[in-house]
Amino acid sequence: MEKLFNEQQRQSLLSVLIFAVNHFRTLMRQGLALLFLVFFMLRRFIENPFYLISSIIILLVLTAILFLIYAYYQYKNFVFYIDYENEEFHLSSGVFQKKEISFYIHQIQQVYIERKWMQRLLGLSAIKIEVAGASSETISLNSLSHGVAAVLLKEFQIIQKQKQKIIPPPFRDNAQPIIEPLAFIQNKKREIYAEPEQKSLPPKIPFKTLEVPLKNILKNAVVTRILQGLLLLFVPLQFIGYDFLMRIFDFLEEHYSFQIVWGPLVILAFLLSGVLLSVLLNTIRSLLMHFNLKLEEVEKGQYQLSQGLINLKVVQIKPQRIQMVQLEQNYLQRKMQIYTLIVRQLKDLEEGQANVGIRIPGITQKQLEDLVNGGFIPDFRAKGKTLQPLKRKFWIHTLFFTLINCVFLGITWVFYPVLWMPLLIVLLPIWPLGIFWMYKKVKTEQFRYTLNQVWHQKGIWKRVNTYFYTSKVQSFDKQHYFWQKRFLHAHIFTAASVMRLTYYPQNEWKVIQRELLEQLEQYSPKWF
Amino acid sequence: MNNHFENKVLSINVLNKISEEDMRWNRVSSHFLKVLLLRSQLVFLALLLAFLFFKNDIIEKLPVYEDWFFYLFLTIFWLFLIIRAVVEYKRRQYVVREHDILHKKGFISIRTSVIPYVRVQQVKIVEGALSRIWSLASIQISSASANGSDVMVIAGLLKDEAEEIRKIIVQYIKERDGKTV
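Residues numbered from 1 in each chain as written. Chains lettered and ligands numbered in written order. Predicted model: local features only at pLDDT ≥ 70, side-chain atom pairs only at ≥ 80, totals over all residues.

In many analyses, interface size is given as the accessible surface area lost on bringing the parts together. Residue and element names in this part refer to chain A. Each assigned domain of chain A is listed with its residue range as follows: domain 1 (15-162), domain 2 (216-290), domain 3 (293-389 + 445-523) and domain 4 (392-442). Every contact between the two is made by 11 residues of domain 2 and, on the other side, 14 residues of domain 3. Grouping the amino acids of the side of domain 2 that touches domain 3 by side-chain chemistry returns 5 nonpolar, 5 polar and 1 charged. (Domains from an automatic or database assignment. Contact = placed C-beta atoms within 7 Å. Nonpolar A, V, L, I, M, F, W, Y, C, P; charged D, E, K, R; others polar.)

Next comes the structure, spelled out in structure tokens:
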């Protein structure tokens, strides 16, 4: 193979123009306030319109010259080459802050040529290289002559083909990664994680279609998002206006009997109508969004989720791209035995989608089991070692809650002494209730893990169970104040979302992190 | 199947200061303390100028003002910036291991991150304007995590040291890919 890019190369000289225009655009977009400021300052000092216009023109020309000089140095320092021996791409850039990027060519997920109007006008092309993942930025070589861009693209493809890799690799249709993590775990034999459930995994029975009946969608709509709906009720209050509200308060103050007798009833009626309204709104919203919700297998290993009454929304889901699963069930959903399933999959580089959580409401236990047995989502029932946050979490939260209450009372005491007593009457039952709520919250929270999966369960009213295969883990992070020796806040990052664990014991967490890291590093399981 | 898994601490040839057996945290280059101090002094200078500019407006609004208030406040603030720079330098540590890289940083809150090489997507070396005075560079290691904040940035490394770490990671990825193909 002819090594066309083995020596350091620059972009086309016309890139100076592109860089300068980009700077000018940025100035117009972000520095408009500064430009106005300069204009008004000039107007203050120069009264003669001729001199004013001349000085503006001179300033603009000077800026353009400065931009051109800066752009020239950018062009000069923007150097790239391919290290054919190590199959690496190197790029260095920057004038004041120098940047060096290098990556292994096989890591490229997507590479394409882009030509915007200005590039077309100058006969240039941009090469965009996406290395992988959501947080990795796209590397752009914006001003290559069209021929060079095409050749560079070809070079990338040739090097990748030599290793029999296709761009972009995460979305190979025939990949079966759901089997892979399980196989990867079944090979491990460790006493600590020995689980009868995992040893006798049932054979996978792929499901063809899953339909959520309208009845369940409506049930789900009635019992979820009540609080959000209630909060929405307060939005119109700001449009009613301060004067109108003050008139109502004045009326209540003048008619004390009305306040005592009808006041509570009015508040109750207001809340009740709010609940009814939020239920109604949520039902309409659910009908519009989730009507005729159907998940079906379109081809092997690829599913299609379709839903919607007026706008039909269709999403392609590949199980191997699912990074994290969330199961939500509030108290009322528990009574009705329905769940809300949220699957978070890797962002779609082809369509430029963000990492979206795909929501499937009103799903039953039986349907969930079908999804698990079909290998669509990981098993939510498997047992593992359990770790709970320290009781200190409860004490710290209680302290903060009490402090907030005291601050409220203090502010009321100083600024609105009349309201102090009613507020105290309201807060007196709320305070112990809040503490009890926090106690239960800490008590029910738990983190479970095996070599194969991790789970995090929390919530009292709404139980949220977040879980994923350990093979999906990207990195770990832990945080604590320097005086905290016993607990920490841990984060487990996946390509779709983050699992946040707060107030977990430090020593135990170190062991878990080491175990999970060891799995990743020893067996390098695929995450897409 | 190989049940024995090792994750040795690697010694970087340039420094040769990491023990092979124990995981000992490495400090970043001592020149980085100068960068942090310089940076903090610039912040101090900017705030001082801003304060002097608006001094009269501020004094007018204060119920009581004595000149020593001003000097005391400045001294405390200056000391805080110095202490912060020193503590931040001392807390900024890293370990390069056979299979992953760890980084610790923070002033009051200490954050420790670990990225296994198998999940590394991009390695970048960045030289800041101030760091370049002492030939320092920072290495940015990113995985495919959804959250951009988890990009590991080890600042204050000597340029050769950063380059060495980059080579270790790239070599690891290459060997891994070589095995899987």
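As a further point, take the nonpolar core. Grouped together as the largest cluster of nonpolar side chains are 94 residues, with contacts concentrated most on I139(B), I141(B) and I169(B). Apart from residues lying up to four places away in sequence, I169(B) is in contact with Y117(B), V120(B), V123(B) and I141(B). Counting residues in hydrophobic clusters, the runner-up holds 8 residues, among them V16(A), A20(A), F67(A) and F78(A). (Core = buried A, V, L, I, M, F, W, Y, C linked by C-beta atoms within 7 Å. Buried ≥ 20, exposed ≤ 12 C-beta atoms within 10 Å, placed from the backbone.)

The packing of two helices is summarised by the inter-axis angle and the distance between the axes. Residue and element names in this part refer to chain B. Close contact between helix α1 (residues 31-61) and helix α2 (residues 67-91) brings their axes to 9 Å; oriented N to C, the two are set at 155°. Comparing the axis directions of α1 and α2 gives the class roughly antiparallel. Where α1 crosses over α2, the handedness of that crossing is right-handed. Across the interface between the two elements, F32, L33, L36, L37, S40, V43, F44 and L48 of α1 pack against L74, F77, W78, L81, I82, R84, A85, V86, E88 and Y89 of α2. Per-class residue counts for the contact of α1 with α2 are 15 nonpolar, 1 polar and 2 charged. (Axes fitted to C-alpha atoms, helices over the stretch in contact; angles between N-to-C directions. Helix = DSSP H or I, 4+ residues; strand = E, 2+ residues; numbered from the N terminus. Parallel < 35°, antiparallel > 145°, perpendicular 65-115°, else oblique. Left-handed = near helix turned anticlockwise from the far one by under 90°.)

All names here are of chain B. Domain annotation for chain B reports domain 1 (34-87) and domain 2 (94-180). Distance from the C-alpha centre of domain 1 to the C-alpha centre of domain 2: 35 Å. Listed per partner, the contact involves 6 residues of domain 1 and 6 residues of domain 2. Secondary-structure elements contributing two or more residues to the side of domain 1 that touches domain 2 are α1 and α2. No other element matches the 4 residues that α1 contributes to the side of domain 1 that touches domain 2. Per-class residue counts for the side of domain 1 that touches domain 2 are 3 nonpolar, no polar and 3 charged.

Here we come to the pairing of strand β5 (residues 122-127) of chain B. For β5(B), the tally of buried residues reaches 5 of 6 residues, placing the bulk of the element in the interior. Relative to β5(B), strand β3 (residues 98-104) of chain A runs antiparallel, the two being bridged by 5 bridges. The partner of E100(A) across the bridge, within β5(B), is I125(B). Strand direction decides the pairing type here: β5(B) and strand β6 (residues 136-142) of chain B, joined by 5 bridges, are antiparallel. By the bridge assignment for β6(B), K124(B) is matched with Q140(B). (Pairing = 2+ DSSP bridges.)

Looking now at the sheet that holds strand β14 (residues 385-387) of chain A. Residues and elements named next belong to chain A. Ordered in space as β13-β12-β11-β17-β16-β15-β14, the 7 strands form an open sheet in which the pairing is antiparallel. With one partner strand each, in any of the chains shown, β13 (357-364) and β14 form the two edges of the open sheet. In this sheet, neighbouring strand axes are inclined to one another by 20° on average, regardless of whether the strands run parallel or antiparallel. Sheet analysis places strand β12 (residues 338-345) next to β13, joined by 7 bridges and oriented antiparallel. Bridging from a neighbouring strand, L341 pairs with I360 of β13. Helix α14 (residues 365-373) contacts β12 and β13 of the sheet and is inclined by roughly 130° relative to β13.

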